[in-house]
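Observations on the three-dimensional arrangement
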Amino acid sequence: MRGFFNMAGKRKRDPKQLELSAPPAAGGQASASKSSKQAASASAPPSAPESTLPLGGNGETHVQAEAVPGSLAVVHQPFNPKQVTAPLHRRVDRGFLDYASYVIRDRAIPNLADGLKPVQRRILWALHLGDDGRFTKVANVVGDTMKFHPHGDAAIGEALVVLANKRYLIEGQGNFGNLYTGDPPAAPRYIECRLTELARTELFNDEITELVPSYDGRNREPVTLPSKLPLALMLGTEGIAVGLAARILPHNFPELLRAQIALLKGEPFKCLPDFPTGGLMDARDYRDGRGTVKVRARLAIKDESTVVIREIPPATTTESLIASIEDAARKGKLKVKAINDFTSENVEIEIRCPAGVDAEKMVDALYAFTDCEVTIASRIVVIKDNRPVEMTVSDILRANTDQLVALLKRELELKERKLQDELHFRTLERIFIEERIYKRLETCKTNEAVCAAVYDGFKPFARELVRPLTDPDVERLLQVRIRRISLFDIEQHRAEMERVRADLADTRKHLKQLVKYAVAHIEGLLEKYGPHYPRRTRSSRHDEIDAREVAFKAFKVAYDRESGYLGHKVNGEEFKTECTKFDRILVVFRDGRYKVIELPEKLFVGPDLVHAGLPDRDRVFTMAYSTRDAVYLKRFTFGGAILDKDYYCVPEGEKCRVHFFAPDTPEMLYIRYKPAPRQKINQQTCAPGEVDVKGPRTRGRQISIKEVASITPAPTRGWDPEAPTTKVVFV
């Protein structure tokens, strides 16, 4: 320790370096400690005041860092998101943007050029590289794709199965799952696939495909495939990226081709979605790829008590559809006796209705309360020029049609160059053999002399050549075999040259009439593939179904006065009412308070309930009640009410008691009064129909100021038919 403090005192001091003052040592270390403190005080800024350090538990001062100069002090500033200056902020901001752009461009959103996501493009490219017309194990295709795709094999296998089930680009052999039942596919080692003829002819052209290094630099993959098909709309897709989601609904392939023809001819067109599971579609809200479509299952009434589901909506399976029906039945929205699933190659779900339920009403209930009707939103987002862009169906088709014309032009130009090269070489070959230029090579001893002899031999025939002779042409002529020269047939050669000239003329003609050539190309596709891809989803207009009207009355509400509970899970004998899931319940209490509540399972309302039933704003109710001063009778309608809000059908603020409450209007009420001194009339009758119908807050017509024992619509056991009885007359 002594050596440490001595070294600290002798070392060279840096005015910007901070030091720790050491505690004083015992004995001989005290002087060293003093000198260290003096040196520290000498080096400290003159503005730093001395501070008295408190003593620690051992009687020594605490270790304290020296004062920091103002120029080196850390200034804490509040975070302002508009002024990101700290390196960490810049790093997080940049990293998030990089991740977001990667997910959008390279994973979730399809490219406008070929309509494919990166994993789909890499799967097709791997199949193309190994395509020999035979089936290949899916496991091998997944392994080949992993050379280009920097993610796991599970995602590649799932994407391949989805592409195969679309039926356009990949032909599968084996169990690729079931779109109807949702059954999973077999393991990749047990199933095989290959490219379809449509994919081979319309997706690939190695000569015009732009390639870039793969993620590890060992291979080369295409930026986009030179697709001549509107794949984005054919396949449909869903993708969720960072802050962005896309949902492109699949469309019918032949209809897309007809729309492209209409575009090239300048005619109007309209395209609607087409789902592989079929169904009935209402596309009134589908505005050129924006908005929603409603798709229903195709239902058929087999007999009076049986409904059969023949087609299901997209994004559902027979299992999920049956689960939604069972869930609706548990919740009391519909009544089902039995559900039988006979689905195999085609959907067939049989639903049997219980006694008293009509099959036609069951159809409406299935559409209203189950997944037999689904609403699907569409939002077309694609990658265009390395940026996500929201487009419409018309925009996508125009871009794909323009790309088709451009690709056909490039292919025709490429074919034209090849035909010119072939015509040029056949001309060279004919002159080389007919004029025996090869004989001049027998005396040549060097390669330079051989080439010079060939050049000299063709000089007299320069006008017959398609283009000037070049070194590659000479090399190719020198590779002509002797057998080819000896068996040369001038007539056959001339016929082949005529064929090449005819092909070249046709190619140049197509280049001059590109639009007409493109229309012919699309019509050829339509003629060849149109019958194989019929429309499966039929377009129709759905009538809106009011769920309240088609709901089954599957709940029985009852009231148990002894326990004070009300609900459809209460075993009571009063106010029994059959309700649907959507019904509300009107409850009226003895003190004149009432409210409208949701359908209860088991709700405590107390023993003072006088009415519980379905609310009807126009129904007339009759009520007799008493205040501190008199007894009143009134007829009224409740009208509208806010859910769970307390109202009063008696004068608010007064203490009242309801003696009689009933819906509609009884013919006669029998009123019994409590006995009182000098009271001659103890019972009366009145006709409620003589009272006008008003609102619930009206006071009503006064019956009497006597204290009432009971008011009933029929004589009770306490009614004395021989006693004096008068009738209440309302003036």
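To be clear, the structure that these remarks concern was listed above.
1. Section: a positive patch on the surface
Together, K335, K361, K553 and K556 line one region of the surface with positive charge. Here K335 shows up in the loop between α10 (318–330) and β13 (338–341). The exposure class assigned to K335 is partly exposed, which follows from its relative accessible area of 34%.

2. Some details on the sheet that holds strand β3 (residues 192–195)
Strand order in the open sheet formed by three strands is β1-β3-β2, with antiparallel pairing between adjacent strands. Looking at strand neighbours, the two that pair on one side only are β1 (136–137) and β2 (170–173), the edges of this open sheet. In this sheet, β3 lies alongside β1 in antiparallel orientation, the contact comprising two bridges. The partner of T136 across the bridge, within β3, is C193.

3. Examining the nonpolar core
Ranked by internal contacts, the top residues of the largest apolar core, which has 73 residues, are I123, L124, L169, I170, F253 and V293. Excluding residues that lie within four positions of it along the chain, L169 makes contacts with L124, L163, R194, L195, T196, A199, L203, L231 and L235. Grouped together as the second largest cluster of nonpolar side chains are 25 residues, A297, I312, L321 and A328 included.

4. Digging into the pattern of salt bridges
Summed over all chains, the structure comprises 44 salt bridges. Put simply, K228 and E411 hold a salt bridge, and the shortest N to O gap is 3.0 Å. Of this pair, K228 sits in the loop between β5 (220–222) and α8 (231–235) while E411 sits in helix α12 (residues 393–434), and the two are 183 residues apart along the sequence. Look at E411 and you get partly exposed, because its relative accessible area is 22%.

5. Here we look at the packing of aromatic side chains
Taken as a whole and assessed by the stated rule, the structure comprises 17 aromatic pairs. Here F369 and F582 contribute two aromatic rings whose centre-to-centre distance is 5.5 Å and whose plane-to-plane angle is 25 degrees, an arrangement assigned as stacked. Taken as a pair, F369 in helix α11 (residues 359–369) and F582 in the loop between β21 (574–579) and β22 (584–589) lie far apart in primary sequence, 213 residues in all. Taking relative accessible area as the criterion, F369 reaches 12% and is therefore assigned buried. Here the aromatic rings of Y565 and F604 are separated by 5.5 Å at their centres, their planes lie at 70 degrees, and the arrangement is edge-to-face. You can see Y565 sitting in strand β20 (residues 565–567) and its partner F604 sitting in strand β24 (residues 603–604), a full 39 residues away along the chain. Of note, R296 hangs over the ring of Y367, and the distance from its end group to the ring centre comes to 4.4 Å. Taking NZ or CZ as reference, K602 lies 5.0 Å from the ring centre of Y565, over its face.

6. Some details on the environment of L423
Tracing the backbone through its elements, the reader meets L423 in helix α12. Sequence separation of L423 and R501 is 78 residues, and the distance between their C-alpha atoms is 7.3 Å. What L423 contacts, discounting residues up to four positions off in sequence, is V466, M497, V500, R501 and L504.

7. Some words on the packing of helix α4 (residues 118–129) against helix α5 (residues 138–145)
Put simply, α4 and α5 touch, their axes get as near as 9 Å, and they point 110 degrees apart. On the basis of their axis angle, the class for α4 and α5 is roughly perpendicular. Between α4 and α5 lies a crossing whose hand is right-handed. Taken together, the residues of α5 that come into contact with α4 (itself represented by R122, I123, A126 and L127) are V141, D144 and T145. Its residues assigned to classes, the contact of α4 with α5 comprises four nonpolar, one polar and two charged.

8. Some details on the pairing of β3
By the alternation rule, side chains of β3 split into C193 and L195, which are all buried, and E192 and R194, of which none is buried. Across four bridges, the pairing between β2 and β3 is antiparallel. Across the sheet, E171 pairs through a bridge with R194, a residue of β3.

9. Section: the packing of α12 against helix α17 (residues 514–529)
Two numbers describe how α12 lies on α17: the axes approach to 10 Å, and their chain directions differ by 105 degrees. One way to sum up the angle between α12 and α17 is to call them roughly perpendicular. When α12 is examined against α17, the residues L404, V405, L408, K409 and L412 are found in contact with a partner set consisting of L514, Y517, A518, H521 and I522. A per-class count over the contact of α12 with α17 returns eight nonpolar, one polar and one charged.

10. As for helix α6 (residues 153–166)
Across its 14 residues, α6 extends 20 Å between first and last C-alpha, which sits within 8% of the 20 Å expected from 1.5 Å per residue. Along α6, the positions that sit buried rather than exposed are I156, G157, A159, L160, V161, L163 and A164. Of the surrounding secondary structure, the elements contacted by the buried residues of α6 are α4, α5, β2, β3 and α8. Directly beyond the C-terminal end of α6, a positive phi value near 75 degrees is found at R167.

11. Observations concerning the sheet that holds β21
Taken together, four strands build an open sheet; the order of strands is β21-β19-β20-β24 and the sheet is antiparallel. With partners counted over all chains shown, the strands left at the sheet margins are β21 and β24, one partner each. Judged from the two bridges that link them, β20 and β24 form a sheet pairing that is antiparallel. Residue pairing for β24: L566 is matched across the bridge by L603.

12. What about a negative patch on the surface?
There is a patch of like negative charges on the surface, built from D303, E304, D358, E360 and D364. Examined against the element boundaries, D364 turns out to sit in helix α11.

What counts and how
- Counting restarts for each chain, with residues numbered from 1 along the sequence as it is written.
- Since the coordinates come from a predicted model, pLDDT governs what is reported: local features require at least 70, and pairs of side-chain atoms require 80 or more to be given and counted, while whole-chain, interface and lining totals use all residues.
- With hydrogens and water excluded, all non-hydrogen atoms of the structure serve as input to the side-chain values.
- For patch building, the residue pool is restricted to those with more than 30% relative accessible area and no salt bridge; the joining distance is 9 Å between like charges and 5 Å between nonpolar side chains (Val, Leu, Ile, Met, Phe, Trp, Tyr).
- Note on areas: Shrake-Rupley, 1.4 Å probe, and residue coverage restricted to the protein chains presented here.
- We count a salt bridge whenever a side-chain nitrogen from Lys or Arg sits within 4 Å of a carboxyl oxygen from Asp or Glu.
- Counted charges follow a simple rule, with Lys and Arg positive, Asp and Glu negative, and His plus the chain ends left uncounted.
- A charge is said to be at NZ when it belongs to Lys, at CZ for Arg, at CG for Asp and at CD for Glu.
- A run of H or I in DSSP becomes a helix once it reaches four residues, and a run of E becomes a strand once it reaches two; helices and strands are each numbered from the N terminus.
- The rule is simple: take the accessible area with a 1.4 Å probe, protein chains only, and divide by the maximum for that residue type; under 20% is buried, over 50% is exposed, in between is partly exposed.
- One bridge is not enough; two strands pair if DSSP finds at least two bridges between them.
- Note on terminology: a nonpolar core comprises buried Ala, Val, Leu, Ile, Met, Phe, Trp, Tyr and Cys residues joined through side-chain atoms within 4.5 Å.
- Whether two residues are in contact is decided by their heavy atoms, any of which lying within 4.5 Å being enough.
- Pairs were defined over the aromatic rings of Phe, Tyr and Trp, the Trp ring being its six-membered one, requiring ring centres within 6.5 Å. Orientation was assigned from the angle between planes: stacked under 30 degrees, edge-to-face over 60, tilted for the rest.
- In this analysis the charged atom, NZ for Lys or CZ for Arg, is taken to sit over a ring once it is within 6 Å of the ring centre and within 35 degrees of the ring normal.
- Each axis is a line fitted through C-alpha atoms, taken for helices only over the stretch in contact, and angles between the N-to-C directions span 0 to 180 degrees.
- Small angles under 35 degrees read as roughly parallel and large ones over 145 as roughly antiparallel, with 65 to 115 read as roughly perpendicular and the rest as oblique.
- For any pair of crossing helices, the crossing counts as left-handed if the nearer helix is rotated counterclockwise from the farther one by less than a right angle, and right-handed if it is rotated clockwise.
- Any residue outside Ala, Val, Leu, Ile, Met, Phe, Trp, Tyr, Cys, Pro, Asp, Glu, Lys and Arg is labelled polar, Gly included; the first ten of those are nonpolar and the last four are charged.
- To estimate the expected span of a helix, count its residues, drop one, and scale the result by 1.5 Å.

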